[in-house]
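If you want the building blocks of each chain, they are given just below.
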Amino acid sequence: MAQKEVSHKKAAILGLQHLLAMYSGAVAVPLLIGTALKFNSTQMTYLVSIDIFMCGLATLIQLFRNKYFGIGLPVVLGCAIQAVAPLEMIGQKFSINTMYGAIIVAGIFVFLIAGWFSKIKKLFPPVVTGTLITVIGLTLIPVAFQNMGGGNAQAKDFGDTKNLIAAFLTIIIIVAIEVWTKGFLRSISVLIGLIVGTLIASCLGMVSLKPVMQASWFHLPQLFYFGVPEFEWSSCLTMIIIALVSMVESTGVFFAIGDLLHKDITEEDLKKGYRAEGLAQVFGGLFNTFPYTTFSQNVGLLQLSGIKTKRPIFWAAGLLMGMGLLPKIGALVTMIPDAVLGGAMLVMFTMIAVQGIKMLTKVNFENNRNILVVAISIGLGLGVTIYPQIFQALPQTIQLFLGNGIVVASLSATLLNLIFNKQKN
C-alpha cells in the first residue's frame, strides 16, 4: 500500500532533517582532501560549497527515475568516504588534475558495467542482505561514538564532560519525542534533537559563529575549476576499485530501503541506481568535486520518521543545492557541535542495525549453516572496521577492497551462502 504523501511544508522540514543527518559526512571528504593537498581558504571554500551543491544534484539524478538511470527510491547521495585516502594519494603523487581524471573514468566505468553488476541480485537472499544491513549499521556506530566524544579521538578534550552532556541530552530528547509524541512531531524527532542539542551546547560555550562570518555569500559551480582533468592508468584503476566498493555498499542500502518500503528491488532497479551513481561521479570529476554514493545514514532516518516518500528527499536535494550556492547559509549547519551530531547518529545508525536484525528473522536459523554465514560475516565486517591495518602486508589494490568492513562482510556472506546453501534458505 502506497504511503500518503506529506504536504510541501512538512516535506521541507523533513528534508532539512535528512540534510542535517548527512551533512557532516558530506563535508568531511572535501575538508580532509583539501587539508591534505594544502588548499588555501578560497580553494577550500569552493570545494566545500560546490561539493554540497553536487550532493543535491547527485540526489536528484538518483530520484528522477527514467528510461536510462535513477532508482527512484527515497535515497540521499553524498561523498564516498572510502575515496579519501586514495584521492589524497593520487593528488600528492601526481596532481589534482589526475585525481579528477580518475574520478571521471571511474564514473564512466560504473555507468557501463551497471547492467552486468545488477545480476548480483540473485546472490542476495535474506541471509546475505540481513547480514549486510546489520553490518552497515554496526560499522557506523563507532563513527557516532567518535562524534559524541568531540570528533577527534586524539584530542585532549575528547570525552570532555561538555561533549558527553550535549551528546546524551540529544539522545534523550530524540528518544523522549519518539516515545511520548505522535504524528508529524514524532517524524522530526532527530531535527528537534539536533536543534535543542545545539542550543544546550551553545549554553556550554560549544557553538561558534566564526564559520558563518567567514563564509562568502554566493558561489557558482565552475567546470574544471582546478584545471583540465589528466588521465593516468594506475590512478584510474585505483578509483575504479573504490567505485566497485561503493557499488557493493549501495547495493546493501538499496535492499535496506526496499525492505522498508516492502518493495522488491529488481535487476532493473539496481542497474538504474548504479548508472545514476556513475553519472553523479562523472559530474563530480567535471566540476572538480568527488565521487558520490548512496548514503546509508539516511536509511535509519526513514525508519525513525516513518515518512518514506520521495517528496522530503526532493526538498533535501533542493536545500543542498541552495546551500552550495550560498556558502553563508551552508556554514550555519557547521555550527552544530560534533557531540550533538554524534548523539543523533547513534540513534539513526542503531536503527539500521536493528532493521538488518529484523530481516534476519526471516532466515531459518534451525539450519546451522545460516548461523555460520551470519556469525562469520558479522565478525569479519566488524573486525576489519576496527583494525583495517590487518591487511597492510597485502598489495595496495587488495587493501582498497579488504579495508572496508561492509565489503568484507558482503563478500563473506555471499561466498559462504553460495558454498553452504546454494542460495536456498
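Residues numbered from 1 in each chain as written. Predicted model: local features only at pLDDT ≥ 70, side-chain atom pairs only at ≥ 80, totals over all residues. Heavy atoms only, no water.

**Here we look at the overall build of the protein chain**
- In terms of regular secondary structure, the protein chain is built from 18 helices and 2 strands.
- In terms of overall dimensions, the protein chain is globule-like: its C-alpha atoms have a radius of gyration of 21 Å, near the 22 Å expected for 425 residues.
- Counting over 425 residues, the protein chain shows a buried share of 56%.
- Within the protein chain, contacts between residues at least 6 apart in sequence are counted, and of these 84% link residues at least 24 apart.
- For the protein chain, the exposed surface amounts to about 18,100 Å²; the carbon and sulfur share of it is 68%.
- Treating the 28 positive side-chain charges of the protein chain as one cloud and the 17 negative ones as another, the clouds have centres 7 Å apart. (Helix = DSSP H or I, 4+ residues; strand = E, 2+ residues; numbered from the N terminus. Rg over C-alpha atoms; globule rule 2.2 N^0.38 Å. Buried < 20%, exposed > 50% of the residue type's maximum accessible area, 1.4 Å probe, protein only. Contact = heavy atoms within 4.5 Å. Areas by Shrake-Rupley, 256 points an atom, 1.4 Å probe, with all protein chains shown as cover. Lys, Arg positive; Asp, Glu negative; His and termini not counted. Charge placed at Lys NZ, Arg CZ, Asp CG, Glu CD.)

**Topic: the pattern of salt bridges**
- Taken as a whole and assessed by the stated rule, the structure comprises 6 salt bridges.
- Between Arg-65 and Asp-269 there is a salt bridge, with its nearest N and O atoms 2.9 Å apart. Residue Arg-65 is found in the loop between α2 (41-63) and β1 (77-79), and its partner Asp-269 is found in helix α11 (residues 267-286); the two are separated by 204 residues along the sequence.
- Note on Arg-65: relative accessible area 38%, which makes it partly exposed.
- Taking relative accessible area as the criterion, Asp-269 reaches 2% and is therefore assigned buried. (Salt bridge = Lys/Arg side-chain N within 4 Å of Asp/Glu carboxyl O.)

**Quick look at empty space enclosed by the protein**
- Under the definition given, this model contains 1 cavity of 30 Å³ or more.
- One number sums up the size of the largest cavity: a volume of about 40 Å³.
- Lining the largest cavity we find Val-110, Ala-243, Ser-246, Met-247, Glu-277, Gln-281 and Tyr-292.
- The set of elements that each furnish at least two residues to the lining of the largest cavity consists of α10 (233-260) and α11. (1 Å grid on protein atoms, 1.4 Å probe; cavity = no way out; pocket = protein on both sides within 12 Å on 5 of 7 lines; lining within 4 Å. Points joined across faces, edges and corners; volume = space filled by probe spheres on them.)

**Let's talk about the state of the cysteines**
- Under the criterion given, the structure shown has 0 disulfides.
- We note that Cys-236 lacks a disulfide partner, and the nearest cysteine sulfur, in Cys-79, lies 19 Å from it. (Disulfide = S-S within 2.5 Å.)

**Remarks on the domain arrangement of the protein chain**
- As far as domains go, the protein chain holds domain 1 (8-355) and domain 2 (364-424).
- Averaged C-alpha coordinates put domain 1 and domain 2 at centres separated by 24 Å.
- The interface is formed by 23 residues belonging to domain 1 together with 23 residues belonging to domain 2.
- Note on domain 1 versus domain 2: buried area summed over both sides is about 2,000 Å², and carbon and sulfur give 81% of it.
- Broken down residue by residue, the surface that domain 1 buries against domain 2 is led by Val-127, Thr-131 and Ile-241, which jointly contribute 24%.
- Linking domain 1 with domain 2 are 0 residue pairs in polar contact (both at pLDDT 80 or more), by the criterion used here.
- Of all elements in the fold, only α3 (84-93), α5 (126-148) and α10 reach the threshold of two or more residues within the side of domain 1 that touches domain 2. (Domains from an automatic or database assignment. Buried area = accessible area lost by both parts, 1.4 Å probe. Polar contact = N/O pair within 3.5 Å; in protein donor to acceptor, adjacent residues only side chain to side chain.)

**Details of the packing of aromatic side chains**
- Taken as a whole, this structure holds 7 aromatic pairs when the rule is applied.
- Ring geometry for Tyr-100 against Phe-226: centres 6.3 Å apart, planes inclined by 10°, an arrangement best described as stacked. With Tyr-100 in helix α4 (residues 96-117) and Phe-226 in the loop between α9 (210-214) and α10, the pair connects residues that are 126 residues apart, well separated along the chain. The residues Tyr-100 and Phe-226 share a single accessibility class, namely buried.
- Centre to centre, the rings of Phe-254 and Tyr-274 are 6.2 Å apart; their planes meet at 45°, and the pair counts as tilted. You can see Phe-254 sitting in helix α10 and its partner Tyr-274 sitting in helix α11, a full 20 residues away along the chain. Each member of the pair, Phe-254 together with Tyr-274, is buried.
- In this structure, Arg-275 is placed above the aromatic ring of Phe-111, and the distance from its NZ or CZ to the ring centre is 5.5 Å. (Phe/Tyr/Trp six-rings, centres within 6.5 Å; stacked < 30°, edge-to-face > 60°. Lys NZ or Arg CZ within 6 Å of the ring centre and 35° of its normal.)

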